[in-house]
Amino acid sequence: MITISDQEFRLLKEYIYNYCGINLSKKKTLVQARLYRILMEMEFQDFSSYYNYLFNDKSGEAVRNIIDRLSTNHTFFMREIQHFIYFRDQVLPQLKATVKNRDLRIWSAGCSSGEEPYTLAMIMADYFGKEKVLWDSRILATDISSRALHKAREGVYSDEEISSIPAPWKRNYFKSLGPDRKMVINKVKKEVIYRKFNLIEKAFPFKKKFHVIFCRNVMIYFDNTTKQELIDRFYECTEKGGYLFIGQAESLNREETQYKYVMPAVYRKE
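Everything numeric in this text was worked out from a predicted model, so none of it was measured.

Caption draft 1: Here's a closer look at the sheet that holds strand β10 (residues 266-268). Sheet architecture is open: seven strands sit in the order β6-β2-β1-β7-β8-β10-β9, paired in mixed fashion. Both edges of this open sheet fall to β6 (192-196) and β9 (260-263), since each of them pairs with a single strand only. For this sheet, the mean angle separating the axes of adjacent strands, direction not counted, is 20°. Judged from the three bridges that link them, β9 and β10 form a sheet pairing that is antiparallel. Bridge pairing in β10 links Lys260 to Arg268. The strands touched by helix α5 (residues 81-98) within the sheet are β1 (106-109), β7 (210-215), β8 (238-246), β9 and β10, with β8 carrying the most contacts at an inclination of about 175°. Contacting β1, β7 and β8, helix α10 (residues 224-236) crosses the sheet at an angle of about 140° to β8.

Put into structure tokens, the structure is as follows:
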């Protein structure tokens with residue numbers, strides 16, 4: 001097996017950090033294991049040759065490939081369910097009462113393979129019911145992984161992958177594609193807009209601010225500097241009174257952020 005030297009690891013680690021902010025400092029074994037197949041497929045003799053190819057590739061294909069191999073994209077429906085309950089029972093009633101133009105803007109940042117934004121879309125379909133047609137409540141869902149976004153857009157999941165979904169949702173929002181395969185119905189799919197986006201962009205391109213941002217279990221891969229810069233950009237593009245949801249394993253330094261603590265992993269812009 002081809003092994004990665006300390007120098008080769010440093011070069012690849014710095015390249016990924018500079019590109020998307022992911023900190024791989026303690027992930028040498030993971031990097032070697034996940035990139036080994038690329039070396040075999042492309043017949044590179046060592047990691048230095050692969051790095052040179054990655055650094056000099058102008059097509060963007062090389063970096064898309066390495067991000068797909070190194071990003072975890074681990075998620076599942078109803079993950080950290082207390083967030084969805086709070087969104088349904090507290091956030092949506094407040095926004096329904098205060099968003100006068102019925103233009104509800106929600107961002108699932110780091111959406112992975114679509115479980116989170118589809119869950120939000122189904123919650124809103126239930127909550128608004130027949131009034132849903134009166135609202136523009138489409139969700140922006142972004143990720144840096146092309147592979148994850150492809151799965152998300154397809155909206156096809158195994159029975160095991162949707163096992164945690166309430167039975168009424170399975171009946172109302174999924175259709176069968178045969179044994180062990182279910183697909184999100186078009187009515188729900190149309191409520192989610194998928195885009196590839198790098199969260200460490202220095203300036204976000206959004207023209208309007210968001211009422212709710214979900215960015216859960218993404219910042220665990222960032223160092224403190226990258227994380228704080230991202231939180232500051234999130235704050236700038238959050239509407240007054242809007243919410244930020246982060247992962248249960250994450251937290252914000254209350255001395256360094258303008259967001260106000262609401263409950264574990266939920267913050268608000270006052």
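Moving on from the model shown.
Caption draft 2: Molecular detail of the sheet that holds strand β4 (residues 174-176). Strand order in the open sheet made by the three strands is β3-β5-β4, with antiparallel pairing throughout. Edge positions in the open sheet fall to β3 (156-157) and β4, since each of these has one partner strand only. The pairing of β4 with strand β5 (residues 182-184) spans three bridges and is antiparallel. From the neighbouring strand, Ser176 faces β5, where its bridge partner is Lys182.

Rules used in this analysis
Residues numbered from 1 in each chain as written. Predicted model: local features only at pLDDT ≥ 70, side-chain atom pairs only at ≥ 80, totals over all residues. Heavy atoms only, no water. Pairing = 2+ DSSP bridges. Helix = DSSP H or I, 4+ residues; strand = E, 2+ residues; numbered from the N terminus. Axes fitted to C-alpha atoms, helices over the stretch in contact; angles between N-to-C directions. Contact = heavy atoms within 4.5 Å.

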